[in-house]
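This is what each chain is made of:
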Amino acid sequence: MEPCSAVPALSFGLYYEPSLHPKPGAVTPLAPHRDKDFQDFLLSASLAELSLMESCKKASLSAGLKKYRELSIALGLTTNVSIGSALLHMPLSTALGDGLASPEQLARRAHHIVTKSGEEEAREYYMLLEAFKPSHLGRYEGPVPSVGSGYPSSFIEVLKVASWDMVHRELLTGYPLSLGVLRELRGEGPLKSKALRALLLLLSENGDTLIGSKYGFSAYKRAKEEAREALLLSERVGVEKAMSWLDDLWRPRGWNPGAALDVLSVSISFYNYERVLPFIS
């Protein structure tokens, strides 16, 4: 079967993660943000899926990034909804063009694609950031240009400079956190409960770098500690009540664990792709 026919299965997390409720501080069907809501995430997911198909068919990471930017602008989606999730999925769909493979094999191929990427991918990534203007970017001084002031000569250089961020680090190191969450999702029980618990584990062990970049190291550390408390609480009252408790703490502060949710999104896509794989091989 044509490998790119598996792209919809590999896109599942882009739709499923935003649908999870409750989540601490994040957009859900019942809890919008001032500048974006659940419907924006569905639109973004559909555009990302089309872009993943483009990257797969053309075996080109830059082609997928370009398509996602062009579609988003054409359809009026110019708020940063899920750049991180789309970015994590894109090398995987590019790797899929070489043939069907297990999630672990796909992650290794994607890592190779990322390490071999260069100026074209860097330019397309910067143009995507310029289009969406994520609020946490700020002004940067360092070895690569700040967004809006030129383009880097290498995508891998961008990832190395931003390796403090969970999403960039996943691309740079071959998706270790995403594959770790996948192992949690392979356990018994409903996907929703497993996904919420996996999110708590991820936050309690790694924190969230989006919270850190927007609110500082003390907020990053506190969020990690509170996630640990919520994980312990989940053992007594269940994961949904524990998530609601954490949401009551984080939403009034404006804390949104967007980086961890990006990782969760690609892990859910891995999980769904793996389940579908025997039927499309």
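Quick summary incoming for the structure in this document. Here the structure is a predicted model, which means the values were calculated and not measured.

Take the overall build of the chain next. In terms of helices and strands, the chain carries 15 helices and zero strands. Summarising its shape, the C-alpha atoms of the chain cover approximately 50 × 50 × 35 Å along the three principal directions. Expressed as a percentage of its 281 residues, the buried residues of the chain come to 56%. Long-range contacts, defined here as pairs at least 24 residues apart, represent 73% of the contacts in the chain between residues at least 6 apart. About 11900 Å² of surface is accessible on the chain, with carbon and sulfur atoms providing 52% of the total. On the chain, the mean spot of the 31 positive side-chain charges and the mean spot of the 32 negative ones are 2 Å from each other.

Within the fold, Glu226 resides in helix 13 (residues 217–237). A distance of 2.8 Å separates a polar atom in the side chain of Glu226 from a polar atom in the side chain of Trp250. Every residue in contact with Glu226, bar those within four places of it in the chain, is listed here: Trp245, Leu246, Leu249, Trp250, Arg253 and Trp255.

Within this structure, the stated rule accounts for eleven salt bridges. Arg253 is the partner of Glu226 in a salt bridge, and the nearest nitrogen-oxygen pair spans 2.8 Å. With Glu226 in helix 13 and Arg253 in the loop between helix 14 (239–250) and helix 15 (258–280), the pair connects residues that are 27 residues apart, well separated along the chain. Glu226 gets classed as buried once you look at its relative accessible area, which sits at 7%. Overall, the relative accessible area of 24% leaves Arg253 in the partly exposed class. Connected through shared salt-bridge partners, Glu104, Arg186 and Glu274 make up one network.

Looking now at the state of the cysteines. Taken as a whole and assessed by the stated rule, the structure comprises one disulfide. The partner cysteine of Cys4 in its disulfide is Cys56, sulfur to sulfur 2.1 Å. For the disulfide bridge between Cys4 and Cys56, the dihedral angle about the S-S bond is near -95°, and by the sign convention the bridge is left-handed. Of this pair, Cys4 sits in the segment before helix 1 (7–10) while Cys56 sits in helix 3 (residues 38–58), and the two are 52 residues apart along the sequence.

With that settled, consider helix 5 (residues 83–96). Because each turn of an α-helix spans 3.6 residues, side chains separated by three or four positions in sequence point in the same direction. In a regular helix each residue adds 1.5 Å, so 14 residues correspond to 20 Å; helix 5 covers 20 Å between its end C-alpha atoms and thus fits that length. With 14 of 14 residues buried, helix 5 lies mostly within the body of the structure.

The amide bond that connects His21 to the next residue, Pro22, takes the cis arrangement and shows omega of 0°. Note on placement: Pro22 falls in the loop between helix 2 (12–19) and helix 3. Here the phi dihedral of Ala59 falls at roughly 50°; this positive angle occurs in a residue that is not glycine. Overall, the relative accessible area of 52% leaves Ala59 in the exposed class. Look at Tyr175: it is not a glycine, yet its phi comes out positive at around 65°. Relative to the helices and strands, Tyr175 resides in the loop between helix 9 (166–173) and helix 10 (176–185).

At a minimum axis separation of 9 Å, helix 10 and helix 11 (residues 191–206) run at an interaxial angle of 140°. The pairing of helix 10 with helix 11 is recorded here as oblique in orientation. For the pair helix 10 and helix 11, the sense of crossing is right-handed. Packed against helix 10, whose contacting residues are Leu177, Val181, Glu184 and Leu185, the element helix 11 presents Leu191, Lys194, Ala195, Ala198, Leu201, Leu202 and Asn206 at the interface. The residue inventory of the contact of helix 10 with helix 11, partitioned by class, reads eight nonpolar, one polar and two charged.

Cut-offs and rules
Residues numbered from 1 in each chain as written. Predicted model: local features only at pLDDT ≥ 70, side-chain atom pairs only at ≥ 80, totals over all residues. Heavy atoms only, no water. Helix = DSSP H or I, 4+ residues; strand = E, 2+ residues; numbered from the N terminus. Buried < 20%, exposed > 50% of the residue type's maximum accessible area, 1.4 Å probe, protein only. Contact = heavy atoms within 4.5 Å. Areas by Shrake-Rupley, 256 points an atom, 1.4 Å probe, with all protein chains shown as cover. Lys, Arg positive; Asp, Glu negative; His and termini not counted. Charge placed at Lys NZ, Arg CZ, Asp CG, Glu CD. Polar contact = N/O pair within 3.5 Å; in protein donor to acceptor, adjacent residues only side chain to side chain. Salt bridge = Lys/Arg side-chain N within 4 Å of Asp/Glu carboxyl O. Disulfide = S-S within 2.5 Å. Expected span 1.5 Å × (residues − 1). Axes fitted to C-alpha atoms, helices over the stretch in contact; angles between N-to-C directions. Parallel < 35°, antiparallel > 145°, perpendicular 65-115°, else oblique. Left-handed = near helix turned anticlockwise from the far one by under 90°. Nonpolar A, V, L, I, M, F, W, Y, C, P; charged D, E, K, R; others polar.

All we've got here are geometric facts, nothing functional implied.
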